[in-house]
Amino acid sequence: MTGDKGTRSLSPTQSTRDPSAGLRALPRPVAVVVGAGGVLGAAHVGLGYALEQRGFVPDMIIGTSVGALNGAIAAAHPDRAARWLDHVWTQLRRREVYPLGYPSSRASIFTDRGLRRLIARAGLPSRMEQLAVPFTAVAMDLGTGAPALLDHGDLESALLASAAIPGMLPPVDREGRTLVDGGVVAYVPVLAALQAGAASVVVVATGPESSPLRPINPRRRASAIAARAGLLLLRHQIERDLHEVSTYIPTVVLPTGIEAWPAPWDFGHSQRLISTASLTAGRFLDGLRISGPGLYRVNDPSATSASPGDASTSSIPGAGL
């Protein structure tokens, strides 16, 4: 991958000469941005493996929703988080995250006791300032609609706030504000990374909304129309933010290579998501070349399954795709 416009294939010699060359070329401080995605967050683990295997440690981590939980664990154990997260995700079941039973209030369908147990088992410090890598959890202020960037104070409440899916999990009262899931306003919080002073960004995102969008003819059913509209809404938010940030700093979007995504409640596919994302992102990183501000991403969805050295990628300085 180069910083020039267009697409360039890399020969196997180029891609394997120095697997960490692209990552080392990223200007410091470099932020890892971990997006939302619920059950799809298992793919974060595979992307984390690819980064760890290349000796990469970020200067800061910003996470939204499930990305905040994964990101906090990575911030606590920056060189060995992937293996721990692998064990958690491959054993995780829906009832552990969304336990059935009466909620503690009328504000949500489920209680947050499942998430509290997961956080308690993660070996995290009690305060955000004690994490090994500076970390920010992104939530949304339910009163104003503005992003809430949580980078100090109690860690548990910050993670619960960032993951509080409106209506599904209870909102969190913190420092005089009522906070809910940050994915509503910043599904991939790259703007928060820029605001925090990052000189480059590595985006750990999931799902079809983080890949090039293919035009379709949606079925004329209410559920299909609503799902497509929701995807497009997320897509426009993500693309807007990626383009804005990439005009100023190098913005690398790691591919997952996953085409068949599980249902939102199905935790039974975690091993497949982890393995596929690890292999695909590793090939992408081995061909990565940085040459200034721009958006560095896979240009063709089919390229994510190419053989090493043959991945089709593109870097677009400024905001152009």
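Please read all numbers here as calculations on a predicted model, not as lab measurements.

Caption draft 1: Molecular detail of the overall build of the chain. Regarding its fold elements, the chain presents 11 helices and 11 strands. Residues classed as buried in the chain amount to 54% of the 321 residues present. Contacts in the chain between residues at least 24 apart in sequence constitute 75% of all its contacts with a sequence separation of at least 6. For the chain, the computed accessible surface area is about 14,000 Å², with 55% contributed by carbon and sulfur atoms.

Caption draft 2: The arrangement of the pattern of salt bridges in detail. This model, assessed by the stated rule, comprises eight salt bridges. For Arg28, the salt bridge is made with Asp59, and the minimal N-O distance between the two is 2.9 Å. With a gap of 31 residues between them, Arg28 in the loop between helix H2 (21-24) and strand E2 (30-34) and Asp59 in the loop between helix H3 (42-53) and strand E3 (60-64) connect regions that are remote in the sequence. What makes Arg28 partly exposed here is its relative accessible area of 45%. Given a relative accessible area of 29%, Asp59 falls into the partly exposed group. Arg116 is paired through a salt bridge with Glu156; the nearest N and O atoms lie 3.1 Å apart. Pair noted here: Arg116 is in helix H7 (residues 113-120) and Glu156 is in helix H8 (residues 155-162), with a separation of 40 residues, a long-range link. Here Arg116 falls in the partly exposed class, since its relative accessible area comes to 36%.

Caption draft 3: Representation of H7 within the structure. Those residues of H7 not exposed but buried are Gly114, Leu115, Leu118 and Ile119. Projected down its long axis, H7 shows its buried positions confined to an angular sector of 135°, all on one face.

Caption draft 4: Focus on H8. The buried fraction of H8 is high, at seven of eight residues. If you check which residues of H8 are buried, you get Leu155, Ser157, Ala158, Leu159, Leu160, Ala161 and Ser162.

Caption draft 5: Highlighting the environment of Gly63. Relative to the helices and strands, Gly63 is located in strand E3. With 31 residues separating them along the chain, Gly63 and Val32 place their C-alpha atoms 8.3 Å apart. Other than its neighbours up to four places away in sequence, Gly63 contacts Val34, Ala68, Phe135, Thr136, Ala137, Val138, Ser162 and Pro189.

Caption draft 6: The arrangement of the confidence of the model for the chain in detail. Scored by pLDDT, the chain has a mean of 82; 79% of the residues are at 70 or more. Note that residues 1-16 has pLDDT below 50 and, in this model, 48 contacts with residues that lie over four places away or in other chains. Confidence drops under pLDDT 50 across residues 300-321; counting only partners more than four residues distant or on other chains, this segment forms 68 contacts.

Caption draft 7: Inspection of the pairing of strand E7 (residues 177-181) at higher detail. Pairing of strand E4 (residues 135-141) with E7 involves three bridges; the strand directions are antiparallel. Bridge pairing in E7 links Met140 to Val180. In this sheet, E7 lies alongside strand E6 (residues 172-174) in antiparallel orientation, the contact comprising three bridges. Bridged to Asp173 within E7 is Thr178.

Caption draft 8: Expanded view of the packing of helix H5 (residues 81-91) against helix H11 (residues 270-286). For the pair H5 and H11, interaxial distance at closest approach is 8 Å and the crossing angle is 145°. Contacts between H5 and H11 involve Asp86, Trp89 and Thr90 from the former and Ser270, Gln271 and Ile274 from the latter. A breakdown of the residues in the contact of H5 with H11 according to their chemical character gives two nonpolar, three polar and one charged.

Caption draft 9: Spotlight on the packing of helix H4 (residues 66-76) against H8. Close contact between H4 and H8 brings their axes to 7 Å; oriented N to C, the two are set at 150°. Between H4 and H8 the crossing geometry is right-handed. Listed contacts from H8 to Ala68, Leu69 and Ala72 of H4 are Leu155, Leu159 and Ser162. Looking at the contact of H4 with H8 residue by residue, the class counts come to five nonpolar, one polar and no charged.

Caption draft 10: Main features of unusual backbone geometry. For the bond from Arg28 to Pro29, the omega torsion is 0°, close enough to zero to count as cis. Following the sequence through the fold, Pro29 ends up in the loop between H2 and E2. Residue Ser65 is not a glycine yet carries a positive backbone phi of 60°. Position of Ser65 among the secondary structure elements: in the loop between E3 and H4. Judged by relative accessible area, Ser65 falls into the buried class, the value being 8%. One non-glycine residue with positive phi stands out, namely Glu175, at about 55°. Residue position: Glu175 is located in the loop between E6 and E7.

The rules behind each value
Residues numbered from 1 in each chain as written. Predicted model: local features only at pLDDT ≥ 70, side-chain atom pairs only at ≥ 80, totals over all residues. Heavy atoms only, no water. Helix = DSSP H or I, 4+ residues; strand = E, 2+ residues; numbered from the N terminus. Buried < 20%, exposed > 50% of the residue type's maximum accessible area, 1.4 Å probe, protein only. Contact = heavy atoms within 4.5 Å. Areas by Shrake-Rupley, 256 points an atom, 1.4 Å probe, with all protein chains shown as cover. Salt bridge = Lys/Arg side-chain N within 4 Å of Asp/Glu carboxyl O. Arc of directions from axis to C-beta. pLDDT = per-residue confidence, 0-100. Pairing = 2+ DSSP bridges. Axes fitted to C-alpha atoms, helices over the stretch in contact; angles between N-to-C directions. Nonpolar A, V, L, I, M, F, W, Y, C, P; charged D, E, K, R; others polar. Left-handed = near helix turned anticlockwise from the far one by under 90°.

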